Amino acid sequence: MMLVMQLLRGTVKHAGSSPQCSAKRLSSAVRGISSSLQQSCTDTDHPKVLITGGLGQLGVGFAKLLRRQFGKNNVILSDIRKPPNHVYHNGPFIFSDILDFKNLREIVVNNNISWLVHYSAVLSSVGENNVALAKEVNITGLHNILDIATEHGLRVFVPSTMEAFGPSSPGDPTPELCVQRPRTIYGVSKVHAELMGEYYHHRFGLDFRCLRYPGIISADCQPGGGSTDYAVQIFHAAVKTGCFECNLRSDTQLPMMYIDDCLRATLELLEAPADTLVSRTYNINAMNFTLHHLIQEIQKVLPDLKVTYNVDPVRQAIADGWPMALEDSAARRDWGWKHEYGLSQLVQTMLTHITTGNQLAQAY
Ligand SMILES: NC(=O)c1ccc[n+]([C@@H]2O[C@H](COP(=O)([O-])OP(=O)(O)OC[C@H]3O[C@@H](n4cnc5c(N)ncnc54)[C@H](O)[C@@H]3O)[C@@H](O)[C@H]2O)c1
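Residues numbered from 1 in each chain as written. Predicted model: local features only at pLDDT ≥ 70, side-chain atom pairs only at ≥ 80, totals over all residues.

As annotated in an unreviewed UniProt entry, the chain carries the name L-threonine 3-dehydrogenase, mitochondrial and comes from Sander lucioperca. Taken verbatim from the UniProt record of the chain, the Catalytic activity (unreviewed entry) comment is "L-threonine + NAD(+) = (2S)-2-amino-3-oxobutanoate + NADH + H(+)". (UniProt positions renumbered as here; feature names shortened; annotations may be inferred.)

Rendered as structure tokens:
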């Protein structure tokens, strides 16, 4: 209880388709586009939103944010997994496999969808262990999303990642436009998504919007097999066991963001008038810290936290190829992006959420 009070005080203080089908789909998309685009323009005050891959780290929180803004029934979460009860009872949820083109089209048509938030993905660590699955979900699945969105004149948001850069990109900071030669299937699929989305925008007028997220940190949900998962796991370990074994070197610096900033940025980009968007793919960033700095900040609240190192050379080599900071001045200039959480606010907020969450769980 003492710890909860201490943390709360701190928080307050710190305030499925073939290539032939694809060609067919595309030509019908081009035919339908002008009428559909008109429709999406008139819908922008109260969009009807479909979130794919909505049961991952980001989707549930984003649905909550959108439902507050647009009403519960205007935001449909979807995934291929069964939702937990609290998600099922909090608003519309349906099964949707992004590899099933016809089913996706049916959902879009039957629900009069105007915005598509495409969160389904196979993240980096999982993707390196199952390249075939990552190719299917992240590349074939994306093609389905872009074709459906074009066919029905949807506004579509597809997240990219700092992992779309690679060892030959300038790293500190990494600009919006530079060499992108990632070495993971996840990174490669995200460069592909950026380029395909921008191509569809220029070629077919698709309202494609994309943010390159840094590593996203949240307390509510376990991360989904990305390579920055350590930055979430350390908080849980600090509260639950007081010990954390780290598989990266302590001087590894990466760009990071608290989930609330990430979701707000996503909504702000989705709502931005099209004529303010000079680009269709933007970097966003909030803070850049080394593991050493993160540990120091956590130890200000939990001085007994013990960290040991068991560096994994494969993971370290991948992390060494990522940006140390993302340059996001274009987002700040074009649509007013501004982060709210720095490192100390992040640490206070994470420890508060995890500690109160644990105590509530124990009470039931
Ligand atoms: N979380 C981060 O730190 C981070 C950073 C950069 C970019 N992103 C991107 O943001 C998006 C959401 O990330 P997340 O962390 O919530 O991912 P996650 O791995 O937690 O969730 C992805 C979801 O996709 C679903 N999925 C997998 N295959 C599917 C299919 N065939 N059809 C429908 N759904 C399927 C999974 O069931 C899962 O719920 C992803 O595109 C990811 O690349 C996330």
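Further notes follow.
Outline the overall build of the chain, supporting the account with residue identities and numerical values.
In terms of helices and strands, the chain carries 14 helices and twelve strands. Burial status across the chain gives 43% buried among its 364 residues. (Helix = DSSP H or I, 4+ residues; strand = E, 2+ residues; numbered from the N terminus. Buried ≥ 20, exposed ≤ 12 C-beta atoms within 10 Å, placed from the backbone.)

Pulling in residues and values, what's your account of the packing of helix α3 (residues 59–70) against helix α10 (residues 259–271)?
Packed helix pairs are characterised by how far apart their axes lie and by the angle those axes make with each other. Contact geometry for α3 and α10: axes closest at 10 Å, N-to-C directions at 55°. Classified by the angle their axes make, α3 and α10 are oblique. Crossing of α3 against α10: the hand is right-handed. Here Gly61, Phe62, Leu65 and Leu66 of α3 lie close against α10, whose contacting residues are Ile259, Leu263, Thr266 and Leu267. (Axes fitted to C-alpha atoms, helices over the stretch in contact; angles between N-to-C directions. Parallel < 35°, antiparallel > 145°, perpendicular 65-115°, else oblique. Left-handed = near helix turned anticlockwise from the far one by under 90°. Contact = placed C-beta atoms within 7 Å.)

Give me the environment of valine 75: which residues, what numbers.
Within the fold, valine 75 resides in strand β2 (residues 75–79). Along the backbone, valine 75 and phenylalanine 93 are 18 residues apart, and their C-alpha atoms lie at a distance of 8.8 Å. Ignoring any residue separated from it by four or fewer positions in sequence, one finds valine 75 in contact with Val49, Ala63, Leu66, Arg67, Phe70 and Gly91.

How would you sum up the sheet that holds strand β4 (residues 115–118)? Please name residues and give values.
Spatially, seven strands are ordered β3-β2-β1-β4-β5-β6-β10 in an open sheet, and the strand pairing comes out parallel. Of all strands in the sheet, those bounded by a partner on one side alone are β3 (93–95) and β10 (281–283). In this sheet, adjacent strand axes meet at a mean angle of 20° when their direction is disregarded. Here β2 pairs with β3 via three bridges, running parallel. Bridging from a neighbouring strand, aspartate 79 pairs with phenylalanine 95 of β3. (Pairing = 2+ DSSP bridges.)

Report on unusual backbone geometry, specifying residues and quantitative values.
A cis amide bond links aspartate 172 with the next residue in sequence, proline 173, at an omega value of 0°. Structurally, proline 173 is set in the loop between β5 (155–161) and α8 (185–204). Located in the positive-phi region is asparagine 112, a residue other than glycine, with phi close to 55°. Structurally, asparagine 112 is set in the loop between α5 (101–110) and β4.

Lay out α3 with the relevant residues and their values.
Here α3 contains twelve residues, and its C-alpha end-to-end distance of 16 Å stays within 8% of the 16 Å for a straight helix at 1.5 Å per residue. Inspection of α3 places Gly59, Val60, Phe62, Ala63 and Leu66 among the buried residues, and these make up the whole buried set. Buried positions in α3, seen along its axis, are confined to an arc of 155° and lie on one side of it. Elements that come into contact with the buried residues of α3 comprise β1 (49–52), β2, α4 (85–88), β4 and α10. Immediately beyond the C-terminal end of α3, within one or two residues, lies glycine 71, with a positive phi of roughly 100°. (Expected span 1.5 Å × (residues − 1). Arc of directions from axis to C-beta.)

Any chance you could break down the nonpolar core for me, citing the residues and the numbers?
Leu116, Val156, Ile217 and Ile234 are the most contacted members of the largest nonpolar core, which has 93 residues in total. Not counting residues up to four positions away in its chain, the partners in contact with leucine 116 are Leu50, Ile145, Ala149, Leu154 and Val156. (Core = buried A, V, L, I, M, F, W, Y, C linked by C-beta atoms within 7 Å.)

Pulling in residues and values, what's your account of the environment of aspartate 328?
Examined against the element boundaries, aspartate 328 turns out to sit in the loop between α12 (313–320) and α13 (329–335). In this structure aspartate 328 touches Tyr282, Asn283, Ile284, Asn285 and Trp337, once residues within four positions along its chain are discounted.

Lay out helix α9 (residues 230–240) with the relevant residues and their values.
A large share of α9 lies buried, amounting to eight of its eleven residues. What α9 keeps buried is the set Tyr230, Ala231, Val232, Ile234, Phe235, Ala237, Ala238 and Val239. Glycine 242 sits one or two positions beyond α9 and adopts a positive phi of about 80°.

Run through the confidence of the model for the chain, naming residues and quoting values.
Looking at the chain, the pLDDT average stands at 89 and 84% of residues meet or exceed 70. Below a pLDDT of 50 lies the segment residues 1–21, which in the model reaches 25 contacts outside its immediate sequence neighbourhood of four places, other chains included. Across residues 29–43, where pLDDT falls below 50, the model places 22 contacts with residues more than four positions away in sequence or in other chains. (pLDDT = per-residue confidence, 0-100.)

Kindly report on the sheet that holds strand β7 (residues 215–217), identifying the contributing residues and their values.
Paired through backbone hydrogen bonds, the strands of a sheet run either parallel or antiparallel to each other. If you walk across this open sheet you meet the three strands as β7-β9-β11, and the pairing is mixed. Lying at the two open borders of the sheet, with one neighbouring strand each, are β7 and β11 (287–290). Taking the axes of each pair of neighbouring strands and ignoring which way they run, one obtains an average angle of 45° across the sheet. Looking at chain direction, β7 and strand β9 (residues 253–258) are connected through three bridges and run parallel. Bridge pairing in β9 links isoleucine 216 to methionine 257.

Which residues make up the pairing of β11, and what are the values?
Where burial is concerned, the two faces of β11 differ: the one with Met287 and Phe289 is buried and the one with Asn288 and Thr290 is not. Where β9 lies against β11, four bridges are found, and the strand directions are antiparallel. What sits directly across from methionine 256, in β11, is methionine 287.

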